[in-house]
Amino acid sequence: MEADVVVVGAGAAGIAAGVTLAEAGKQVIMLEKGDKFGGAGMFGAQGLFAVESSQQRAAGVQYSLKQAYQELVSYTHYRSNLNLTKAILKESASTIDWLDERGLKTELVNNTQEVHQQHPKVYHQYIDKFAAFDRLIHRFKDHGGQLLLKTAGTKIIQKDGNIVGVQVHQDRHDFVIDCSAVIVADGGFIGNPDLVKEYLAINPDNLYSMGERKATGDGIKMLAELGADTRHMGVFENHAASVISPQNHKWHNGTIFSLTNLPFLWVDSAGNRFIDESVCYDFALWGNATYTAGGYYYIILDQQFVDHISAQSLDWTDSFERTFKSLDHQVMTHKVGPFPQIDADLEEAIQKEAGWRAESLQDLAQQLHVPELDFENTIKQYNEHVDKKEDPDFYKSSDYLRFSIRKGPFYALKARSTSLGTIGGIETNAKMEALKVNKQPIKGAYVAGNDASGMYDTSYPTLEGISCAFAWNSGRLAGKSVIKYLGK
């Protein structure tokens, strides 16, 4: 087979690159390892960030490119690629219109996290996303693009310093696609247990991955073989925390899910409180705190609370309520419960090895394998904070200092670090060229989406939809760069 360009990966970044190139009249072959296109940009995301979009201007949103840039680079403490950051943000407004014109419409909605309601609106939510992705692929094909499903790139072939082909694997067969350029955009390496273990700072058993299982680092490996800079690998898209069953990660209990998303008492593996638990209202910071705590913590409840919530609602906000209400265009309730079946729900969590129950705090500490004295002192101190409605340790709002831990039996739920994927791979520049350690580009090799480094420091920023925006915008930028490269 022969093409001008091979795009490895058919998620948001790959599709953006592929459509850009095909519309410019380039011969493009897009490889997708799985049997479905879309990737995390379709199956995981619900929308994307943009600044100064036509929708924001129409809504009178006062948020400039300069403000977005300063907010993002301040978050990374300038330990990111500033030219790349500016390029992605600058492209973001046109991308919203570009997607709309090609069949993927979005709507500007309130930011989907409770703590971000005072931030200017930046979240552009997909409308009819599955049909919209179909339209994008049809447009790609209508302009001559070829999509090969169940086809993986295995090696980028160079000759005399130039890209001359990509070796691929399809249906137990290997063959080469001759080409002059390649864009690697196959989603990072969250689906590769060995690589995850190598770069993860916590025990992999405590990582719950919500990322693409087929994102196994193939593209990163191919570029690394050409000398690409991989020194910034290891950045995980930490996002909230999850109570999961070690027996079955697909297990879900609505009551337990809601309890996870509320600012009760949390203790770490040493039996100590470690944060103001209302961090649960900012998913990125919540995820970072969980990761830093060692990858997990325990939510502590007592029977008095269980009795309360079984019969009465709680006027707190489930941290994910706005996310789901926004998608369905429903009104917020700012209430949780009541949960009349909470006893059965907790028992189910215990049976699924996600929870524990004990008649005494000492027994619960033993079951959790945390130091008994430290655990009991933590509970005592927290109860004093609740009594006084003041948290001198971490300054938790008195609104959330409502439930002491005094009446047995006592309960614990284990919340584990959750990741949406990896967001650090190959070093790149604002042209999305794959770079060597000396910052020089690998001629004809480009990288986009979760395969690319440079946008982040050590974590997923708090700007909503920014990683999905990075995928779409980096894909478009890579496509434009390849068009210029091929024209030389």
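Small disclaimer: the values here were computed from a predicted structure and weren't measured.

Engineer: Got a minute to help me understand the overall build of the protein chain in this structure?
Structural biologist: Helix and strand counts for the protein chain come out as 16 helices and 20 strands. Taking 2.2 N^0.38 as the reference for a compact globule, 488 residues should give roughly 23 Å; the C-alpha atoms of the protein chain span a radius of gyration of 24 Å, in line with that estimate. In terms of its C-alpha atoms, the protein chain occupies a principal-axis envelope of roughly 75 × 50 × 40 Å. With 488 residues in all, the protein chain has 58% of them scored as buried. Restricting to contacts in the protein chain with at least 6 residues of sequence separation, those with at least 24 account for 73%. A total of about 20,200 Å² of accessible surface is found on the protein chain, and carbon and sulfur atoms cover 47% of it. In the protein chain, the 48 positive side-chain charges and the 60 negative ones have mean positions that sit 7 Å from each other.

Engineer: Please explain the pairing of strand β8 (residues 162-170) as it appears in this structure.
Structural biologist: Side chains on a regular strand alternate between the two faces of the sheet. Two strands pair when backbone bridges link them, and strand β7 (residues 151-159) and β8 are joined in this way by eight bridges, in the antiparallel orientation. What sits directly across from I157, in β8, is G165. Linkage of β7 to β8, two consecutive antiparallel strands, is achieved through a turn of two residues, within which D160 is found at a positive phi near 55°. Note that β8 and strand β9 (residues 173-178) share six bridges and pair antiparallel. Looking at β9, one finds that Q170 is bridged to H173. Counting the residues in the hairpin turn of β8 and β9 gives two residues, including D171, whose phi is positive at 50°.

Engineer: I would appreciate a short explanation of helix α12 (residues 321-328) in the present structure.
Structural biologist: What α12 keeps buried is the set E321, R322, T323, K325 and S326. Structurally, α12 contributes buried residues whose contacts are with β5 (123-126) and α10 (283-292). Directly after α12, the chain includes H329, whose backbone phi takes a positive value near 55°.

Engineer: Would you mind going over the pattern of salt bridges with me for this structure?
Structural biologist: Under the criterion given, the structure shown has 22 salt bridges. Taking the shortest distance from any N to any O, the salt bridge between E225 and K221 comes out at 2.8 Å. According to the relative accessible area criterion, E225 is partly exposed, its value standing at 43%. A single network of salt bridges, built from pairs that share partners, joins E23, E101, R102 and R139.

Engineer: Even after reading the chapter, I still don't get the sheet that holds strand β1 (residues 5-8), so can you show me in this structure?
Structural biologist: For sheets, the rule is that strands pair by backbone hydrogen bonds, running either parallel or antiparallel. Spatial ordering of the open sheet is given by β6-β2-β1-β10-β19-β18, a layout of six strands whose pairing is mixed. Either end of the sheet is taken by a strand with one partner, and the two such strands are β6 (146-149) and β18 (433-435). Pairs of neighbouring strands in the sheet enclose a mean axial angle of 30°, with direction left out of account. Both β1 and strand β2 (residues 28-32) contribute to a ladder of four bridges, which runs parallel. If you follow V8 over to β2, its bridge partner there is L31. Of the strands in this sheet, β2 and β6 touch helix α6 (residues 129-142), which is tilted by about 120° from β6. With respect to the sheet, helix α16 (residues 466-487) is in contact with β1, β10 (181-184) and β19 (441-447), its orientation differing from that of β19 by roughly 150°.

Engineer: Is there a simple way to explain the packing of helix α11 (residues 303-311) against helix α13 (residues 342-351) in this structure?
Structural biologist: For the pair α11 and α13, interaxial distance at closest approach is 9 Å and the crossing angle is 130°. Relative to α13, α11 is oriented oblique. The residues of α13 that touch α11, namely those facing Q303, V306, I309 and S310, are I342, D343 and L346. Taken together, the residues of the contact of α11 with α13 break down into four nonpolar, two polar and one charged.

Engineer: When you look at the sheet that holds strand β4 (residues 106-108) in this model, what are you seeing that I'm missing?
Structural biologist: Strand order in the open sheet formed by three strands is β3-β5-β4, with antiparallel pairing between adjacent strands. At either margin of the open sheet sits one strand with a lone partner, and together these are β3 (47-49) and β4. Along the sheet, successive strands turn relative to each other by an average axial angle of 30°, direction set aside. Relative to β5, β4 is paired through three bridges, and the arrangement is antiparallel. Within the sheet, the bridge partner assigned to E107 lies in β5 and is Q125.

Engineer: What exactly am I supposed to notice about the nonpolar core here?
Structural biologist: Nonpolar side chains tend to gather and get buried jointly when the protein is soluble and globular. Ranked by size, the top nonpolar core spans 101 residues in total, and within it F49, I183, L223 and W472 carry the most contacts. Tallying contributions element by element places α16 first for this core, with ten residues. When residues no more than four places from it in sequence are discounted, the contact partners of I183 are V5, V6, V7, V8, A17, L21, Y446, A478, G479 and V482. C280, A289, Y411 and L413 belong to the second largest nonpolar core, which has 38 residues in total.

Engineer: Any chance you could explain a positive patch on the surface here in plain terms?
Structural biologist: Together, K431, K443, K484 and K488 line one region of the surface with positive charge. Among the structural elements, K443 can be located in strand β19.

Engineer: For this particular structure, what's the right way to read the side chain of N238?
Structural biologist: Mapped onto the fold, N238 is located in strand β12 (residues 236-242). Take N238: its relative accessible area is 4%, and that puts it in the buried class. Engagement of the side chain of N238 in a polar contact is seen with the side chain of N288, the distance being 3.4 Å. The contact partners of N238, leaving out residues within four places of it in the chain, are F283, A284, G287, N288, Y291, S417, T418 and Y460.

Criteria and cut-off values
- Residue indices begin from 1 for each chain and proceed along its sequence in written order.
- Totals for whole chains, interfaces and linings use every residue, but because this is a predicted model, local features are given only for residues with pLDDT of at least 70 and side-chain atom pairs only at 80 or more, for both listing and counting.
- Excluding hydrogens and water, the side-chain figures rest on all heavy atoms present in the structure.
- For the purposes of this entry, the term helix denotes a DSSP run of H or I that reaches at least four residues, the term strand denotes a run of E that reaches at least two, and both are numbered from the N terminus.
- Radius of gyration means the value over C-alpha atoms here, while the globule rule gives 2.2 Å times the residue count to the 0.38 power.
- Residue exposure (1.4 Å probe, protein chains only): buried if accessible area is under 20% of the type maximum, exposed if over 50%, otherwise partly exposed.
- Throughout, a contact is declared for two residues whenever any of their heavy atoms are within 4.5 Å.
- For every accessible area listed, the method is Shrake-Rupley and the probe measures 1.4 Å; residues are considered covered only by the protein chains on display.
- Positive charges are assigned to Lys and Arg, negative charges to Asp and Glu, while His and the chain termini are left out of the count.
- Note that the charge is assigned to NZ on lysines, CZ on arginines, CG on aspartates and CD on glutamates.
- Two strands are counted as paired when DSSP detects at least two bridges linking them.
- By definition, a salt bridge exists where a carboxyl oxygen of Asp or Glu is found within 4 Å of a side-chain nitrogen of Lys or Arg.
- For helices, the axis comes from a line fit to the C-alpha atoms of the stretch in contact; other axes are also lines fit to C-alpha atoms, and the angle between any two N-to-C directions lies between 0 and 180 degrees.
- An angle below 35 degrees is treated as roughly parallel, one above 145 as roughly antiparallel, one from 65 to 115 as roughly perpendicular, and anything else as oblique.
- Following the grouping adopted for this structure description, the nonpolar residues are Ala, Val, Leu, Ile, Met, Phe, Trp, Tyr, Cys and Pro, the charged ones are Asp, Glu, Lys and Arg, and the polar ones are all others, Gly among them.
- Take the buried Ala, Val, Leu, Ile, Met, Phe, Trp, Tyr and Cys residues and link them wherever side-chain atoms come within 4.5 Å; each set so joined is a nonpolar core.
- Candidates for patches are residues over 30% relative accessible area with no salt bridge; among them, like charges are joined within 9 Å and nonpolar side chains (Val, Leu, Ile, Met, Phe, Trp, Tyr) within 5 Å.
- Between N or O atoms, a polar contact is any pair within 3.5 Å; within protein, one atom must be a potential hydrogen donor and the other a potential acceptor, and residues adjacent in sequence are included only when both atoms are from side chains.

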